Amino acid sequence: MTTENSSPKKNECPAQGLLKLLSGKWKPQIFLLAEAGPLRFNGLLRDIKGANKQSISTALRELEEFGLLDKNVIKLKPLHIEYTLSEKGKSLIPVFKQLEFFSEK
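Everything quoted here is computed from the prediction, not taken from an experiment.

**Student:** How do you make sense of the overall build of the protein chain when you look at a structure like this?
**Tutor:** The secondary structure content of the protein chain amounts to 6 helices and 2 strands. Beginning at the N terminus, the succession of helices and strands in the protein chain can be written as α-α-α-α-β-β-α-α. For the protein chain, the residues scored as buried account for 25% of the 105 residues in total. When contacts within the protein chain are restricted to residue pairs at least 6 apart in sequence, those whose partners lie at least 24 apart make up 42%.

Listed below in structure tokens is the structure:
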């Protein structure tokens, strides 16, 4: 007979999910660039040295799924897509500022 813990999340840190979401090689850098203004895919490939299409695409999709980025399709010719910080994403700016401040000490 095995005993299962009926509350597995009881001992987890509340910030663990957010930290897991923001972990990754390019997500913090994408977030920082999005803070400055709208992002376009090819612009990210130019701005983030060493990044490839698949890693940028995955990071953008995950940030969008979590609600930190909004994807805007601009129906001009040529058609293009811009990513901007959502309201939820903007609410994390002070957290990132604190992390930057802490890392400078």
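Alright, that's what it looks like, and here's the rest.
**Student:** Help me understand the pattern of salt bridges in this model?
**Tutor:** Think of it this way: side chains of opposite charge can pair up when their charged atoms draw near. Overall, the coordinates contain 3 salt bridges when judged by the stated rule. Across the pair Lys 27 and Glu 62 runs a salt bridge whose closest N-O atoms are separated by 2.4 Å. Remark: Glu 62 occurs in helix 4 (residues 53-65) and Lys 27 occurs in helix 2 (residues 27-36); sequence separation between them is 35 residues. According to the relative accessible area criterion, Glu 62 is partly exposed, its value standing at 30%.

**Student:** Where do I start with the pairing of strand 1 (residues 69-74) in this structure?
**Tutor:** For a regular strand, side-chain orientation follows a simple rule: the groups alternate between the two sheet faces. Summarising the sheet, strand 1 and strand 2 (residues 80-85) pair through 6 bridges and their orientation is antiparallel. Each residue of the ladder has a partner; that of Leu 69, found in strand 2, is Leu 85. Linking two consecutive strands that pair antiparallel, namely strand 1 and strand 2, is a turn of 5 residues.

**Student:** When you look at the layout of surface pockets in this model, what are you seeing that I'm missing?
**Tutor:** Rolling a probe over the atoms, with the probe sized like a water molecule, indicates the empty space that remains. Roughly 160 Å³ of internal volume is contained in the largest pocket. Lining the largest pocket are Ala 15, Leu 18, Leu 19, Leu 22, Ser 23, Pro 28, Val 95, Phe 96 and Leu 99. Of all the secondary structure elements, the ones that give two or more residues to the lining of the largest pocket are helix 1 (16-22) and helix 6 (93-104). Tallied by class, the residues present in the lining of the largest pocket amount to 8 nonpolar, 1 polar and no charged.

**Student:** Explain the side chain of Lys 27 here, please?
**Tutor:** Since its relative accessible area comes to 7%, Lys 27 is described here as buried. Beyond its immediate chain neighbours, meaning those up to four positions away, Lys 27 contacts Leu 21, Leu 22, Ala 59, Glu 62 and Leu 63.

**Student:** Would you explain the nonpolar core in this entry?
**Tutor:** The nonpolar side chains of a soluble globular protein tend to be buried with one another. One finds Ile 30, Leu 44, Ile 48, Ile 56, Leu 60 and Leu 69 to be the most contacted residues of the largest nonpolar core, which totals 20 residues. If you list the elements that add at least two residues to this core, you get helix 1, helix 2, helix 4 and strand 2. Looking at which element gives the most residues to this core, the answer is helix 4, with 4 residues. In this structure Leu 44 touches Ile 30, Leu 33, Leu 39, Ile 56 and Leu 60, once residues within four positions along its chain are discounted.

What counts and how
- Residues numbered from 1 in each chain as written.
- Predicted model: local features only at pLDDT ≥ 70, side-chain atom pairs only at ≥ 80, totals over all residues.
- Heavy atoms only, no water.
- Helix = DSSP H or I, 4+ residues; strand = E, 2+ residues; numbered from the N terminus.
- Buried < 20%, exposed > 50% of the residue type's maximum accessible area, 1.4 Å probe, protein only.
- Contact = heavy atoms within 4.5 Å.
- Salt bridge = Lys/Arg side-chain N within 4 Å of Asp/Glu carboxyl O.
- Pairing = 2+ DSSP bridges.
- 1 Å grid on protein atoms, 1.4 Å probe; cavity = no way out; pocket = protein on both sides within 12 Å on 5 of 7 lines; lining within 4 Å.
- Points joined across faces, edges and corners; volume = space filled by probe spheres on them.
- Nonpolar A, V, L, I, M, F, W, Y, C, P; charged D, E, K, R; others polar.
- Core = buried A, V, L, I, M, F, W, Y, C linked by side-chain atoms within 4.5 Å.

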